[in-house]
Amino acid sequence: MNKIFFGVVFILLLQSLQAQTVRMEAPAIESLRSRVKKVADNTRTLISDFIQVKEMKMLKENLVSKGKFYFKKEKSLRWEYLTPYSYIIMIHDDRITIRDEEKVNRFDLKSNKVFLEINRVILGSIRGTLLYDEVNFKPTFYQSRDAYRVELQTLNPKLRESLPGIIISFDKSDYSVTRVEMMEAGNDRTVITFSNKKTNQPIGDEKFDIR
Amino acid sequence: MRNSIFVNLFLVILFGGCTTVRPPDLSRISGSHRVNTSYDMAITTTSPFRNFNKGLFKAAMRIKNKDLSGLLLIKKMDTLYDSPGIRAVQERTYRIVFANEIGLTFFDLGVSAGGFTVFQCFESLNRKALLNILKTDFRFLLSLYPDDPVSIYFQEGTGRQVIKIGTNHSKVWETRNQRGDTLLVVSGKSTVADAVTIGYRGYRSGVPGAISIENPVIGLQINLRRISE
């Protein structure tokens, strides 16, 4: 009986040690950076499902949204929410198009500084390119058995007020982004988890245009 | 520059002062006293937010031709102040969180009849004048004012009941359907700048499915569509 008990404890302990994250050293960091850059350079298109959970600790509430994400090099993006309501954000040629139910709004990305900044951060997070933005973010690198985890502390004072930090997780097998956590003031956070990722599949330009 | 500010301020006060929140075509039914017990029952049963606990709304906010959209969560809290070290206040209190579709919080407010706390606010929205208007809007939206009527009116043409409620700091008008059992519009103001008209439509399970909040003086408009309990 005791042997079984200690055996189970040992296995659990081993699993816990394997799941632990450890801080990465300089050579490993450089290797990760170059691998992530290579993946970003080679990714012409990306299609993925996503689940977005906004966790509000004080309110003990989670807001859950699900949808589909499309990216096409260089800067075309379609962020399509399917539940709990239909909503599409599209960015193409520095123009933003938003379809909220049947209502369509278009505006110039450069005319909306807040949106421009959020778009840069989101796109940079998903592609992993935010790792190189050391003007606006201070990165700290960790790894576990299955994933690399990069914690980005926001340096830009204006951005820091609404977004003090971002945590990006990369799959160790293919260096793609699996999860983005946006940390907010007051310990709230939004976690976006990507699944069913497909890279370099053709996406027609009509995906980034709503008539 | 100084003249231009003065002129703008003058215009806001002039037009703000002129903004009427009193519904038109009213004939008084009763004076400044409680009417009867059945009326008191109506007060507690027809204000949809008096017993409201939680709701998630699709929200669109337009202020000075800038559009913000996302989700707005309204949740009843035990106290206004949950933070340690701050005096807990036992009164009907709500947290209101408005976040964009990506999840970033535009504002996170705590509102009660006597209290108002800004837990978090996007830098571009963090203006005292705007927050004061949001405070009034959400107090009126959630019926965070006394339920003692001052006067009851009949609206010519529509046949609706209109109830005037005077509070210490503001005047509130509740417009109800002909039977008096469904709240349709709340209008009111506490200062010249925060006049507001709130429309309630599409009731489901006693809570409105669609709400429109209009602040004509500063050109603020908020539309809410309920998407879950």
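Criteria and cut-off values
- Numbering of residues begins from 1 in every chain and follows the order in which that chain's sequence is written.
- Chain letters start at A and ligand numbers start at 1, both assigned in the order the entries are written.
- Local features in a predicted model are, by the rule used here, given only for residues with pLDDT of at least 70; side-chain atom pairs are given and counted only at 80 or more, and totals for whole chains, interfaces and linings are based on all residues.
- Side-chain measures here rest on the full set of heavy atoms in the structure, leaving out hydrogens and waters.
- Contacts were defined at the residue level, with two residues in contact if any of their heavy atoms lie within 4.5 Å.
- Throughout, the accessible surface (probe 1.4 Å) given up by two parts as they are put together, summed over both, is called the buried area.
- Each salt bridge in this description consists of a side-chain nitrogen of Lys or Arg and a carboxyl oxygen of Asp or Glu lying within 4 Å of one another.
- Under this definition, polar contacts are N or O atom pairs within 3.5 Å; protein pairs additionally need one hydrogen-donor-capable and one acceptor-capable atom, and for neighbouring residues in sequence, both atoms have to be side-chain atoms.
- Helix and strand assignments follow DSSP, with helices taken as H or I runs no shorter than four residues and strands as E runs no shorter than two, numbered in order from the N terminus.
- Two strands make a pair as long as DSSP finds a minimum of two bridges between them.
- Between buried and exposed lies partly exposed: a residue is buried under 20% and exposed over 50% of the maximum accessible area for its type, with that area taken using a 1.4 Å probe on protein chains only.

1. Re the interface of chain A and chain B
The interface is formed by 30 residues belonging to chain A together with 27 residues belonging to chain B. Looking only at chain A, the three residues that lose the most surface to chain B are Met58, Leu59 and Tyr85 of chain A, adding up to 24% of its buried area. In this structure, the connection of chain A to chain B is made through three salt bridges. For the interface between chain A and chain B, the tally reads 13 residue pairs in polar contact (both at pLDDT 80 or more). Every element with two or more residues in the side of chain A that touches chain B is listed here: strand S2 (45-56), strand S3 (61-72), strand S4 (76-83), strand S5 (87-92), helix H3 (113-127) and helix H4 (157-162) of chain A.

2. Considering the pairing of strand S6 (residues 95-100) of chain A
Consecutive residues of a regular strand have side chains that alternate between opposite faces of the sheet. Residues and elements named next belong to chain A. Of the strand pairs in this sheet, S5 and S6 are connected by six bridges, and their pairing is antiparallel. Bridge pairing links Ile89 to Ile98 in S6. Between the antiparallel neighbours S5 and S6 lie two residues, among them Asp93 with a positive phi of about 50 degrees. Connecting S6 to the next strand, strand S7 (residues 103-108), in antiparallel fashion are two residues, including Glu101 with a positive phi near 60 degrees.

3. Observations regarding the pairing of strand S4 (residues 93-99) of chain B
Residues and elements named next belong to chain B. Burial within S4 is extensive, with seven of its seven residues counted as buried. Residues Thr93, Arg95, Val97 and Ala99 of S4 are buried on one face, and the alternating residues Tyr94, Ile96 and Phe98, pointing to the opposite face, are buried as well. Relative to S4, strand S3 (residues 66-77) runs antiparallel, the two sharing seven bridges. Counted as the bridge partner of Leu71 is Ala99 from S4. Examined bridge by bridge, S4 and strand S5 (residues 105-112) share seven bridges and lie antiparallel to one another. Bridged to Ala99 within S5 is Thr105. Hairpin connection from S4 to S5: five residues lie between these consecutive antiparallel strands, with Gly103 at a positive phi of about 115 degrees.

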